[in-house]
Amino acid sequence: MTSEQTPAGTSPSWRFYAATGAAVAATAVVGGKAVDADSVWYKTLDKPSWQPPGWAFGVVWTPLYASVAWAAGRALAKSRGPARRRLVTDLATDLALNAGWNLAFFGLRSPSAGVAGTLALDAANVRLLRTVAQVDKAAGRALVPYTVWCGFATALNASIARRHSAGRRSCP
């Protein structure tokens, strides 16, 4: 069976890639609308010296989002029945939490809410990676950089939240 052929009654695999690409793009748009790195609030946050420069986030997130879309599309094309439904659920949960972090951190202007959101995202990332890897090992490996980067983001967010916890410095 070639990559363009599929079992009877199923759609060509490109549809899975298109769907996951659209879902990831929607996540990026929704999450991106909440980000305001030029706001006075964000600029005055006490950030650790190891925070990457602002331009690095776009450079990093673009291929990470592409890898999520590719890995999920590949796994969905190879899965059926309950495994496919679990993948869809895990991907939807992960993407909702991904966009939700931006809304929690920037929208609420709350590093603490951001920590809660990113911890939930980390757990969802591990679950998504495991679910995808059960269907396709290569697709699972493609999610490792995304999972690692989000772990780094958790450490960064936690550092900012600690710097702005009660008794230290309030967020403007």
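Procedures and definitions
- Residues numbered from 1 in each chain as written.
- Predicted model: local features only at pLDDT ≥ 70, side-chain atom pairs only at ≥ 80, totals over all residues.
- Heavy atoms only, no water.
- Helix = DSSP H or I, 4+ residues; strand = E, 2+ residues; numbered from the N terminus.
- Contact = heavy atoms within 4.5 Å.
- Areas by Shrake-Rupley, 256 points an atom, 1.4 Å probe, with all protein chains shown as cover.
- Core = buried A, V, L, I, M, F, W, Y, C linked by side-chain atoms within 4.5 Å.
- Buried < 20%, exposed > 50% of the residue type's maximum accessible area, 1.4 Å probe, protein only.
- Salt bridge = Lys/Arg side-chain N within 4 Å of Asp/Glu carboxyl O.
- Axes fitted to C-alpha atoms, helices over the stretch in contact; angles between N-to-C directions.
- Left-handed = near helix turned anticlockwise from the far one by under 90°.
- Nonpolar A, V, L, I, M, F, W, Y, C, P; charged D, E, K, R; others polar.
- Expected span 1.5 Å × (residues − 1).
- Phe/Tyr/Trp six-rings, centres within 6.5 Å; stacked < 30°, edge-to-face > 60°.
- Lys NZ or Arg CZ within 6 Å of the ring centre and 35° of its normal.

**Student:** It is not clear to me how the overall build of the protein should be interpreted in this structure. Could you clarify?
**Tutor:** Along the protein, the regular secondary structure elements total 7 helices and 0 strands. Overall, the protein shows an N-to-C arrangement of helices and strands of α-α-α-α-α-α-α. When contacts within the protein are restricted to residue pairs at least 6 apart in sequence, long-range pairs at least 24 apart make up 77% of them. Carbon together with sulfur atoms contributes 63% to the accessible area of the protein, which is approximately 9000 Å² in total.

**Student:** I'm lost on the nonpolar core in this one. Help?
**Tutor:** Nonpolar side chains tend toward joint burial in soluble globular proteins. Core analysis: the largest hydrophobic core is formed by 25 residues, its most contacted members being V24, W61, V68, L91, V132, L143 and Y146. If you list the elements that add at least two residues to this core, you get α1 (14-34), α3 (54-78), α4 (81-107), α5 (111-135), α6 (137-142) and α7 (144-163). Looking at this core element by element, the count peaks at 10 residues for α3. Discounting residues that sit within four places of it in the chain, L143 has contacts with S67, V68, A71, L128, L129 and V132. Counting residues in each nonpolar core, the second largest holds 7 residues, with Y42, F105, F106 and L156 among its members.

**Student:** How should the pattern of salt bridges be read in this particular structure?
**Tutor:** On inspection of all chains with the given rule, the structure shows 4 salt bridges. Here D46 makes a salt bridge to R163, at a shortest N to O gap of 3.2 Å. With D46 in the loop between α2 (40-43) and α3 and R163 in helix α7, the pair connects residues that are 117 residues apart, well separated along the chain. You can call R163 partly exposed: its relative accessible area is 24%. D136 is the partner of R74 in a salt bridge, and the nearest nitrogen-oxygen pair spans 2.9 Å.

**Student:** I would appreciate a short explanation of the packing of α1 against α3 in the present structure.
**Tutor:** For any two helices packed against each other, one specifies the crossing angle of their axes together with the interaxial distance. Orientation of α1 relative to α3, taken along the N-to-C sense of each, is 145°, at an axis distance of 8 Å. You can see that α1 and α3 cross each other, and the crossing is right-handed. Within the contact between the two elements, α1 uses F16, Y17, T20, G21, V24, T27 and A28 and α3 uses Y65, V68, A69, W70, A72, G73, R74, L76 and A77. Along the lines of polarity and charge, the residues of the contact of α1 with α3 split into 11 nonpolar, 4 polar and 1 charged.

**Student:** Before we go on, may I ask you to explain α4 in this structure?
**Tutor:** Think of an α-helix as turning once every 3.6 residues; residues three or four places apart then point the same way. Compared with an ideal rise of 1.5 Å per residue, which puts 27 residues at 39 Å, α4 spans 37 Å between its outermost C-alpha atoms and is within 8% of the ideal. Among the residues making up α4, those that are buried are L87, D90, L91, D94, L95, N98, A99, N102, A104, F105 and F106. Packed against the buried residues of α4 are α1, α2, α3, α5 and α7. After α4 finishes, the residue R109 shows a positive phi value of roughly 50°.

**Student:** Could you clarify how one ought to interpret the packing of aromatic side chains in this entry?
**Tutor:** We describe a pair of aromatic rings using the distance from one ring centre to the other and the angle between the two ring planes. For the coordinates displayed, the defined rule picks out 13 aromatic pairs. Between Y42 and F106, the aromatic rings sit 5.1 Å apart at their centres with planes inclined by 40°, giving tilted as the arrangement. Of this pair, Y42 sits in helix α2 while F106 sits in helix α4, placing them 64 residues apart in sequence. Here the two residues Y42 and F106 agree in accessibility, since each one is buried. Centroid distance F105 to F106: 5.0 Å. Interplanar angle 70°. Geometry classified as edge-to-face. The two residues F105 and F106 agree in class, both being buried. Looking at K47, its charged tip hangs above the ring of Y42, at a distance of 4.3 Å from the centre.

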